[in-house]
Amino acid sequence: MDSSQPFERLEAHLAQLIEGSFARLFASRLHPHELASRLARALEENIHRHADGNLIAPDQFTVYLNSEDYSVLLSEQPSLPQDLAAALIEMASRAELRLLHKPQVRLLPEADLPLRSVKVRAAHTDKESTSTSLLARDDLTPPPIDLRNPQLLYGSQVFPLRRPVINIGRRRDNHITIDSPYVSRHHAQLRLRFGRYVLYDLNSRGGTFVNGHRITECILKSGDVIGLSQALLVYMEDEPSLSQTARDTQLRSPLTADSPPAEAE
């Protein structure tokens, strides 16, 4: 099978997202499929493989537009960069890619670009830390188990994780409330076990996913894209120090704690 086919499907899906959200806005300025194609290809061409085998998506996107198109689009839709970043998170999840940082999209004018044209460049926040040659050295040491400012990102919201047990769902009695019709009343739970947060699905209606894979429980790593049905969050931790990366693997004991009780919708 042609390796480009999965990204062609993702490109089509991204075009549908953009077209559905900004059809009227883009109608006279920019074709959604052209923007989706440029974003998808920039993402695909800048994927790095982490030493642990995971594929890491770029998180810095610069979109260049004709100066006139830029002025009109930004005046009519000031939140366009944030909306495109949310679409890229969903695209990364569908492509089973990890994110080391929340995607950032910058729109910049370029006078030399013709009307209705677009150019996209993608990069990693810290390209050196995600390059294959440098990360290969990390194979000699286990991932650190110390928590470093863990947090969940949902749109523009940031939820610091400070409890050993954290309930997530649509109802207000959860520690983290996600106001989305796709999220169950009590959808998922985070539990601190052996120094790492473990995500559990609570028998939710729409399922819980990590990097595109449906899970019942999963130890989280920084950059994991969590899907609560169709609502997407990103789990983040600060970068480890050199001393933290030298921890011994014996601290990573097998998971033995009881699973949380299932809570159906």
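Heads up: the structure comes first, above all this text.
Model, not experiment: these values are computed from the prediction.

Trainee: Describe the overall build of the protein, and please don't skip the residues or the numbers.
Mentor: Within the protein one finds six helices and 16 strands. A sequence separation of at least 24 residues applies to 63% of the contacts in the protein between residues at least 6 apart.

Trainee: Which residues make up helix α4 (residues 80-94), and what values go with them?
Mentor: In a regular helix each residue adds 1.5 Å, so 15 residues correspond to 21 Å; α4 covers 21 Å between its end C-alpha atoms and thus fits that length. What α4 keeps buried is the set Leu80, Pro81, Leu84, Ala85, Ala87, Leu88, Ile89, Met91, Ala92 and Ser93. A positive phi of about 60 degrees marks Glu96, the residue just after α4.

Trainee: Tell me about the nonpolar core, and name the residues and values.
Mentor: By size, the foremost hydrophobic cluster in this structure holds 30 residues, and its most contacted members are Leu39, Phe61, Val63 and Val105. Counting residues per element, the ones that place at least two in this core are α2 (32-45), β3 (60-65), α4, β4 (104-109), β5 (118-123) and β16 (231-236). Take this core: its biggest share by element is seven residues, from α4. Listed in part, the 22 residues of the second largest apolar core include Phe159, Val183, Ala188 and Ile215.

Trainee: Break down the sheet that holds β5 for me, citing the residues and quoting the values.
Mentor: Read from one edge of the open sheet, three strands run β4-β3-β5, paired in mixed fashion. Of all the strands in the sheet, the pair left with one neighbour each is β4 and β5. Ignoring strand direction, the axes of neighbouring strands in this sheet form an average angle of 20 degrees. Both β3 and β5 contribute to a ladder of six bridges, which runs antiparallel.

Trainee: Tell me about the pattern of salt bridges, residues and numbers included.
Mentor: Following the criterion strictly, the structure yields four salt bridges and no others. Salt-bridge contacts for Arg148 lead to Glu237; the nearest nitrogen and oxygen are separated by 3.1 Å. In this pair, Arg148 sits in the loop between α6 (132-135) and β6 (151-154) while Glu237 sits in the segment after β16, placing the two residues 89 residues apart along the sequence. Here Arg171 makes a salt bridge to Asp173, at a shortest N to O gap of 3.0 Å. According to the relative accessible area criterion, Asp173 is partly exposed, its value standing at 46%.

Trainee: Could you give an account of the side chain of Asp224, naming the residues involved and the relevant values?
Mentor: Inspection of the secondary structure puts Asp224 in the loop between β14 (217-219) and β15 (225-228). A polar contact of 2.7 Å, which involves the side chain of Asp224, links it to the backbone nitrogen of Lys221. Setting aside its immediate chain neighbours within four residues, Asp224 contacts Arg98, Leu99, Val210, Asn211, Ile219, Leu233, Val234 and Tyr235.

Trainee: How would you explain the sheet that holds β16 if you had to name every residue and give the values?
Mentor: The sheet built from six strands is open, its strands ordered β7-β6-β16-β15-β12-β13 with antiparallel pairing. In this open sheet, the two strands that pair with only one neighbour each are β7 (157-160) and β13 (213-215). Adjacent strand axes in the sheet meet at a mean angle of 30 degrees when their direction is disregarded. Both β15 and β16 contribute to a ladder of four bridges, which runs antiparallel. Paired with Gly227 across the two strands is Leu232, which belongs to β16. Against the sheet, α4 engages β15 and β16, with an angle of about 80 degrees to β16.

Trainee: Would you mind going over the environment of Leu232 in detail, with residue names and values included?
Mentor: Take Leu232: it is sitting in strand β16. Counting along the chain gives 24 residues from Leu232 to Thr208, while the straight-line C-alpha distance between them is 9.9 Å.

Trainee: Run through the packing of aromatic side chains, naming residues and quoting values.
Mentor: Counted by the stated rule, this structure contains zero aromatic pairs. Over the face of the ring belonging to Tyr64 we find Lys119, whose NZ or CZ atom lies 5.2 Å from the ring centre.

Trainee: Run through the environment of Val183, naming residues and quoting values.
Mentor: Counting through the fold element by element, Val183 comes out in the loop between β9 (176-177) and β10 (188-193). Assessed through its relative accessible area of 0%, Val183 is described here as buried. Separated by 44 residues in sequence, Val183 and Gly227 have C-alpha atoms that sit 9.5 Å apart.

Trainee: Hey, could you go over the environment of Leu43 for me, with residue numbers and the actual values?
Mentor: If you trace the backbone, Leu43 turns up in helix α2. Residue Leu43 is classed as buried on the basis of its relative accessible area, which comes to 1%. Each C-alpha atom of the pair Leu43 and Pro58 lies 6.2 Å from the other, and the pair is 15 residues apart in sequence.

The rules behind each value
Residues numbered from 1 in each chain as written. Predicted model: local features only at pLDDT ≥ 70, side-chain atom pairs only at ≥ 80, totals over all residues. Heavy atoms only, no water. Helix = DSSP H or I, 4+ residues; strand = E, 2+ residues; numbered from the N terminus. Contact = heavy atoms within 4.5 Å. Expected span 1.5 Å × (residues − 1). Buried < 20%, exposed > 50% of the residue type's maximum accessible area, 1.4 Å probe, protein only. Core = buried A, V, L, I, M, F, W, Y, C linked by side-chain atoms within 4.5 Å. Pairing = 2+ DSSP bridges. Axes fitted to C-alpha atoms, helices over the stretch in contact; angles between N-to-C directions. Salt bridge = Lys/Arg side-chain N within 4 Å of Asp/Glu carboxyl O. Polar contact = N/O pair within 3.5 Å; in protein donor to acceptor, adjacent residues only side chain to side chain. Phe/Tyr/Trp six-rings, centres within 6.5 Å; stacked < 30°, edge-to-face > 60°. Lys NZ or Arg CZ within 6 Å of the ring centre and 35° of its normal.

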